[in-house]
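Next come the chains, spelled out residue by residue.
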Amino acid sequence: MKKMFALALGILTAIGGFVDIGDLVTNAVVGSRFGLSLAWVVVLGVVGICVFTEMSGRVAAVSGRATFSLVRQRLGPRLGFVNLCGSVAVTALTYIAEIGGVALALELASSINAYLWIPVVGLLVWIVLWRVKFDIMENVFGLAGLALVVFGVSLWALKPDFASLATQALHPSVPATEGTPTYLYYAVALFGAAMTPYEVFFFSSGGIEEKWTAKDIPVMRSNVFVGFPLGGLISLAIAATSMLVLGSSGIDVESLGQVALPVVVALGKVGLIFALVGFFAATFGAACETGLSVGYSISQYFGWQWGKFVAPRRAARFHVVMLIATIMAVGVLLTTADPIKVTEYSVVFSAVALPLTYLPILVVANDTRYMGAHVNGRLANVLGSFYLVVILIASLAAIPLMVLTKAGQ
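Residues numbered from 1 in each chain as written. Predicted model: local features only at pLDDT ≥ 70, side-chain atom pairs only at ≥ 80, totals over all residues. Heavy atoms only, no water.

S.K.: Would you mind showing me how to read the pattern of salt bridges here?
M.R.: Side-chain pairs of opposite charge can arise where the charged atoms are in close proximity. Within the structure shown, the criterion is met by four salt bridges. For the salt bridge of R58 with E54, the shortest nitrogen-to-oxygen distance reads 2.8 Å. Of this pair, R58 and E54 both sit in helix α3 (residues 39-63), separated by four residues, roughly a single helical turn. For R369, the salt bridge is made with D367, and the minimal N-O distance between the two is 2.9 Å. Accessibility expressed as a relative area gives 63% for R369, which makes it exposed. Sharing partners across several salt bridges, the network here consists of E54, R58 and R221. (Salt bridge = Lys/Arg side-chain N within 4 Å of Asp/Glu carboxyl O. Helix = DSSP H or I, 4+ residues; strand = E, 2+ residues; numbered from the N terminus. Buried < 20%, exposed > 50% of the residue type's maximum accessible area, 1.4 Å probe, protein only.)

S.K.: Any chance you could explain the side chain of S299 here in plain terms?
M.R.: Locating S299 in the fold gives a position in helix α13 (residues 256-302). Not counting residues within four places of it along the chain, the set of residues in contact with S299 comprises W304, W306 and F318. (Contact = heavy atoms within 4.5 Å.)

S.K.: Can you walk me through the packing of α3 against helix α10 (residues 180-194) in this structure?
M.R.: Axes are the key here: two packed helices are described by the angle between their axes and the distance separating the axes. Relative orientation of the contacting elements α3 and α10 amounts to 30°, with a least axis distance of 8 Å. For the element pair α3 / α10, the angle class is roughly parallel. In terms of crossing hand, the pair formed by α3 and α10 is right-handed. Only Y183, A187, L190, F191 and A194 of α10 make contact with α3, whose side of the interface consists of W40, V41, V42, L44, G45, V46 and I49. Considering only residue class, the contact of α3 with α10 consists of eleven nonpolar, one polar and no charged. (Axes fitted to C-alpha atoms, helices over the stretch in contact; angles between N-to-C directions. Parallel < 35°, antiparallel > 145°, perpendicular 65-115°, else oblique. Left-handed = near helix turned anticlockwise from the far one by under 90°. Nonpolar A, V, L, I, M, F, W, Y, C, P; charged D, E, K, R; others polar.)

Pasting the structure below:
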């Protein structure tokens, strides 16, 4: 019974934790401008994150060691350090975006300017990272994030022609009002949002925090292969409702309030309450995950004590790293940087850094010294190799497309 509860809770947490500020904004923007013609990218991204998250979780469960300690040992200190710098830079940028996203959600709920909320959010996130137990943090925000299912309910309430939606998703094309470079730019951004590196760091490090062993692999796989796809369905619902309400009215998504507008149109104030709860839970939970991921990555590489399973005084450097990252994130946002723009840039730069994240995972998952009988099978390697090619293409195309399209304008 305990295992069944862990399975159900893990699946619910994966669903609620999949959609962060990057997914909220990017899917809404894409839906309002391109309809469901980029739905294939969401599917591609969901399968990709499942493939590599399963690998990283299996590595953690079998080896009992964290990702970056294995990366340093397997790739060597120099190459491992390059990997660390790229991964941490993108995760820190995502951390900034998530804290900004929490502030925007609170602005929607209170009508108090988001910039006044930013220091408060930074302090609250730091307190949770410092004092709240790992399982409580993960489960509370993950489960509360399920309020985002309201987008699926809203899609049903809007009574669209589902056959037409399916046709659009299954026969993608560039809308007449958009150019091919812009279409490709948002394809890369959507892919980066789905495969954000911190998700893998957090998932595998969380496995160490929760003391996974090889016996926990079936539960881990169930969490991944059920939770993430259902989270992907929420992303598609956000895109579809944005197309129906915002796209049909010619509204460009420039604020988090516009992301919630389709829910208000479909369900009124009750729907808005659920959307606000989902926004807050998803962004606050993702802020905690990205903050932890910065601390995990640096501490694991340098061999420091880390994790919420030890007292803060025994992992002082781990907590100092997260404190510095939090202060930096708040400082950047208080320069009046637009959190929505930071979010858009974070998902594109995530695509740039994807090879640095996923190549080492594939290498370690094939190493019998660490994995024994649990090394990658043929299917995992075929999918992993295919996605490395896709990741490399997305990484090389991201910056040129950003420059060419002026960040999708």
